[in-house]
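# Analysis of the macromolecular model
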Amino acid sequence: MATALVTGVTGQLGYYVAEHLSARGDAVYGLIRQSTVGRASHEKPLPYRPLTGDLLDEYSLLSILEEVRPDRIFNFGAQSFIPSSWTQPILTAQYTGLGVVRLLEAARRAVPKCRVLQAGSSELFAGADRSPQDEEVPIRPLNPYGIAKAFGYHTLRAYRTHYGQFATNVIFFTNESQRRTPEFVFRKVTRAVAEIVAGKRDTLSLGNLDTIRDWGYSPEYAALAVAVLDLDAPDDFVIATGEGHTVRDLVSSAFGLVKLDWQKYVRVDQGLLRPSEQLPIIGNTAKLERALGKTPRVKFDAILRTLLAHDLESFGCAVPFERPGVQQRLELHSRPR
């Protein structure tokens, strides 16, 4: 039986990776900060065994790794909400950037043969000079979160080269699921539409409606992450759908599914505007397809219908559209080597 440690396990990608590993029979441990213990414990049964630790504390990481002796580490631990990275830039750097160094150092000392996956972000490409983006596009972040992710990305590559660690970077483009919190724009929209249908609110405030994003489905991305770390050699991979949609597309489609005119409800809030990217942030997964023979297949419309149906039902509303047949868990991995 393989053993895995997942950091950031209360977030959507971390949770789905833990669920995926547990379903195939691995022993899965989830690193929980003391401040998130309550959030993790309300779900039973959990797909992981919780362990209290912190990416800010290298000694707790070393102690946990010496105790668990994992074969695989999936690092999703981060301060990942971009507006918060501007109000808490130092904390973001500590968790999202330096946390990677602490984890790699602990792994190098306690479990040097362990495979490590570092979760990157499409925010690495916010200032990119070409689109779509692949693994060869220069990294040009534009916010503290992206800068911290860039630090983690380059640090992992350096440890892979210098120490020979089995360390893989995965650059996850934006992905969504029922576990996504409503401060992120996709879930903010589906939640607000459901609340409007339920009569609990009248308007939805958003920023730039012309921002383009490549939205994927988190359970599928989690399965692909597991598959990538099961490969024979470490490398760097983009995981994305290869399709771009504007926030305007999202709003128009979401309100259209419930037969409402979005322009009657949506307000542009100047306080939510961020400088636009120079080019669309859309991923190129050619390298992933060569390595796995698979790329993400759950696309924008299926994700929107899945999340909007979930949010409508949470308010006791009928779902007036056909649901997609989206699998929660995808068998894309080989067995551990």
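That block above? That's the structure.
Residues numbered from 1 in each chain as written. Predicted model: local features only at pLDDT ≥ 70, side-chain atom pairs only at ≥ 80, totals over all residues. Heavy atoms only, no water.

## A word on the pattern of salt bridges
The full count for this structure, using the stated rule, is 20 salt bridges. Between Asp230 and Arg24 there is a salt bridge, and its shortest N-O distance comes to 2.7 Å. A residue pair is termed long-range when its members are at least 10 positions apart, and Asp230 in the loop between α8 (218-229) and β11 (236-239) and Arg24 in the loop between α1 (12-23) and β2 (27-32) qualify at 206 residues. The exposure class assigned to Arg24 is buried, which follows from its relative accessible area of 9%. Arg140 is the salt-bridge partner of Asp129, the closest N and O atoms lying 3.6 Å from each other. One end of the pair, Asp129, is in the loop between β5 (115-121) and α6 (144-163); the other, Arg140, is in the loop between β5 and α6, and 11 residues separate them in sequence. For Asp129, a relative accessible area of 37% translates into the label partly exposed. (Salt bridge = Lys/Arg side-chain N within 4 Å of Asp/Glu carboxyl O. Helix = DSSP H or I, 4+ residues; strand = E, 2+ residues; numbered from the N terminus. Buried < 20%, exposed > 50% of the residue type's maximum accessible area, 1.4 Å probe, protein only.)

## Remarks on the environment of Tyr48
In this fold, Tyr48 is placed in the loop between α2 (37-41) and β3 (49-52). A relative accessible area of 6% places Tyr48 in the buried class.

## Considerations on the environment of Trp262
Position of Trp262 relative to the elements: it lies in the loop between α9 (247-257) and β13 (266-268). It is 9.3 Å that separates the C-alpha atoms of Trp262 and Leu204, two residues lying 58 residues apart in sequence. Aside from chain neighbours lying at most four places away, what touches Trp262 is Leu209, Arg248, Val251, Ser252 and Phe255. (Contact = heavy atoms within 4.5 Å.)

## Points about the sheet that holds strand β6 (residues 167-172)
In spatial order, the strands read β3-β2-β1-β4-β5-β6-β11; together these 7 strands make up an open sheet with parallel pairing. Edge strands, defined here as strands with exactly one partner in the open sheet, are β3 and β11. On average, adjacent strands in this sheet sit at an angle of 20° to one another, irrespective of strand direction. Relative to strand β4 (residues 72-75), strand β1 (residues 3-7) runs parallel, the two being bridged by 4 bridges. Across the sheet, Leu5 pairs through a bridge with Ile73, a residue of β4. Sheet strands in contact with α6 are β5, β6 and β11, and its direction is about 155° off that of β6. (Pairing = 2+ DSSP bridges. Axes fitted to C-alpha atoms, helices over the stretch in contact; angles between N-to-C directions.)

## Remarks on the side chain of Arg72
Looking at the element boundaries, Arg72 is found in strand β4. Of note is the side chain of Arg72, whose polar atom sits 3.0 Å from the side chain of Asp230. (Polar contact = N/O pair within 3.5 Å; in protein donor to acceptor, adjacent residues only side chain to side chain.)

## Quick notes on the nonpolar core
Counting residues in each nonpolar core, the largest one holds 42 residues, and the members touching the most others are Val6, Phe74, Phe76 and Phe172. Elements with a minimum of two residues in this core: β1, α1, β2, β5, α6, β6, α8 and β11. A total of 7 residues in this core trace back to one element, the largest contributor, which is α8. Excluding residues that lie within four positions of it along the chain, Phe172 makes contacts with Leu13, Phe76, Leu117, Ala119, Gly120, Ser121, Ser122, Tyr221, Ala225 and Ile239. By size, the runner-up hydrophobic cluster in this structure holds 32 residues, among which are Phe186, Ile196, Tyr217 and Phe300. (Core = buried A, V, L, I, M, F, W, Y, C linked by side-chain atoms within 4.5 Å.)

## Thoughts on the side chain of Ser177
With respect to the element layout, Ser177 can be found in the loop between β7 (175-176) and α7 (185-197). Under the relative-accessibility criterion, Ser177 is labelled buried at 0%. Reaching out from Ser177, the side chain makes a polar contact with the side chain of Gln12 at a distance of 2.7 Å. Of note is the side chain of Ser177, whose polar atom sits 3.0 Å from the backbone nitrogen of Arg179.

## Examining the packing of helix α3 (residues 58-68) against helix α5 (residues 89-110)
For the pair α3 and α5, the least separation of the axes is 9 Å and the interaxial angle reads 40°. Viewed along their axes, α3 and α5 form a crossing whose handedness is right-handed. Contacts between α3 and α5 involve Glu58, Leu61, Leu62, Leu65 and Glu66 from the former and Arg102, Leu103, Ala106, Ala107, Arg109 and Ala110 from the latter. Grouping the constituent residues of the contact of α3 with α5 by class yields 7 nonpolar, no polar and 4 charged. (Left-handed = near helix turned anticlockwise from the far one by under 90°. Nonpolar A, V, L, I, M, F, W, Y, C, P; charged D, E, K, R; others polar.)

## Quick look at the packing of aromatic side chains
A complete count under the given rule lists 9 aromatic pairs for this structure. For the ring pair Phe125 and Phe173, a centre distance of 6.1 Å and an interplane angle of 35° mean the geometry is tilted. Taken together, the residues Phe125 in the loop between β5 and α6 and Phe173 in the loop between β6 and β7 connect sequence positions 48 residues apart. The exposure class of Phe125 is buried, given its relative accessible area of 1%. Overall, the relative accessible area of 0% leaves Phe173 in the buried class. Considering the side-chain rings of Phe186 and Trp215, the 5.3 Å spacing of their centres and the 70° angle between planes classify their relative orientation as edge-to-face. Of this pair, Phe186 sits in helix α7 while Trp215 sits in the loop between β9 (212-213) and β10 (216-217), and the two are 29 residues apart along the sequence. Look at Trp215 and you get buried, because its relative accessible area is 2%. Cluster of aromatic residues (ring-pair linked, three or more members): Tyr15, Tyr16 and Tyr48. For Arg180, the ring lying beneath its charged end belongs to Phe184, and the centroid distance is 3.9 Å. (Phe/Tyr/Trp six-rings, centres within 6.5 Å; stacked < 30°, edge-to-face > 60°. Lys NZ or Arg CZ within 6 Å of the ring centre and 35° of its normal.)

In short, shape yes, function no, at least from these values alone.
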